[in-house]
Amino acid sequence: MILKDFSRVLLEELDADCPLPGDPSRPVAGLAVDEPLKGWIGRDEAVFTAREALDEDFLENVASFGSPVVVWRSDAAVASAATEKMSALGLALLVLPPTCRCGGCR
């Protein structure tokens, strides 16, 4: 699946918001739920998280593994610093409402 199709599913089926679309042609090969374990993310996996904030270290780690997108379950406003960093790293951002239990994110 490519990011364009993955995003469309989350937008249409789960009422996601897309503040940063990323490169629509990038592959999404699987899902990775944010875990405090080494090796929790693989190349081309969409990262699902419910962190309080999208900090720079987390975003750099996600990008270093080749993830195309962060799916953030939150009702917090997306900080402009986070979207700027994600754009520079080539990451897309989809935001799910906190009531959504998709992806098993905590």
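Residues numbered from 1 in each chain as written. Predicted model: local features only at pLDDT ≥ 70, side-chain atom pairs only at ≥ 80, totals over all residues. Heavy atoms only, no water.

**Student:** Report on helix α1 (residues 3-13), specifying residues and quantitative values.
**Tutor:** Leu3, Phe6, Ser7 and Leu10 are the residues of α1 that are buried. Viewed end-on, α1 has its buried residues packed into an arc of 95°, placing them on one side of the element. Those residues of α1 that are exposed and angled more than 90 degrees off the buried face are Lys4, Glu12 and Glu13. Close packing links the buried residues of α1 with β2 (30-33), β3 (45-49), β4 (69-73) and β5 (92-96). (Buried < 20%, exposed > 50% of the residue type's maximum accessible area, 1.4 Å probe, protein only. Helix = DSSP H or I, 4+ residues; strand = E, 2+ residues; numbered from the N terminus. Arc of directions from axis to C-beta. Contact = heavy atoms within 4.5 Å.)

**Student:** Explain the pairing of β5 to me, using residue names and the numbers behind them.
**Tutor:** Of all five residues in β5, five are buried, a share of seventy percent or more. The alternating pattern of β5 places Ala92, Leu94 and Leu96 on one face and Leu93 and Val95 on the opposite face, and all of these are buried. By the bridge criterion, two bridges tie strand β1 (residues 17-20) to β5 in an arrangement that is antiparallel. The residue of β5 that forms the bridge with Leu20 is Leu93. Direction of pairing for β4 relative to β5: parallel, over a ladder of five bridges. (Pairing = 2+ DSSP bridges.)

**Student:** Could you give an account of the sheet that holds β2, with specific residues and numbers?
**Tutor:** Read from one edge of the open sheet, five strands run β1-β5-β4-β3-β2, paired in mixed fashion. Each end of this open sheet is capped by a strand with a single partner; those strands are β1 and β2. Ignoring which end each strand starts from, the neighbouring axes of this sheet average 25° apart. As paired strands, β3 and β4 are joined by three bridges and run parallel to one another. From the neighbouring strand, Val47 faces β4, where its bridge partner is Val70. Those strands touched by α1 are β1, β2, β3, β4 and β5, and its axis lies near 15° from that of β5. (Axes fitted to C-alpha atoms, helices over the stretch in contact; angles between N-to-C directions.)

**Student:** An account of the packing of helix α2 (residues 56-64) against helix α3 (residues 80-89) is requested, with residue identities and associated values reported.
**Tutor:** Where α2 meets α3, the closest approach of the two axes is 10 Å, and the angle between their N-to-C directions is 20°. Here α2 lies roughly parallel to α3, going by the angle between them. For the pair α2 and α3, the sense of crossing is right-handed. Residues Glu56, Leu59, Glu60 and Ala63 of α2 pack against Ala82, Lys85, Met86 and Leu89 of α3. Within the contact of α2 with α3, the residues separate by chemical class into five nonpolar, no polar and three charged. (Parallel < 35°, antiparallel > 145°, perpendicular 65-115°, else oblique. Left-handed = near helix turned anticlockwise from the far one by under 90°. Nonpolar A, V, L, I, M, F, W, Y, C, P; charged D, E, K, R; others polar.)

Honestly, that's just the spatial picture; any functional story needs more than this.
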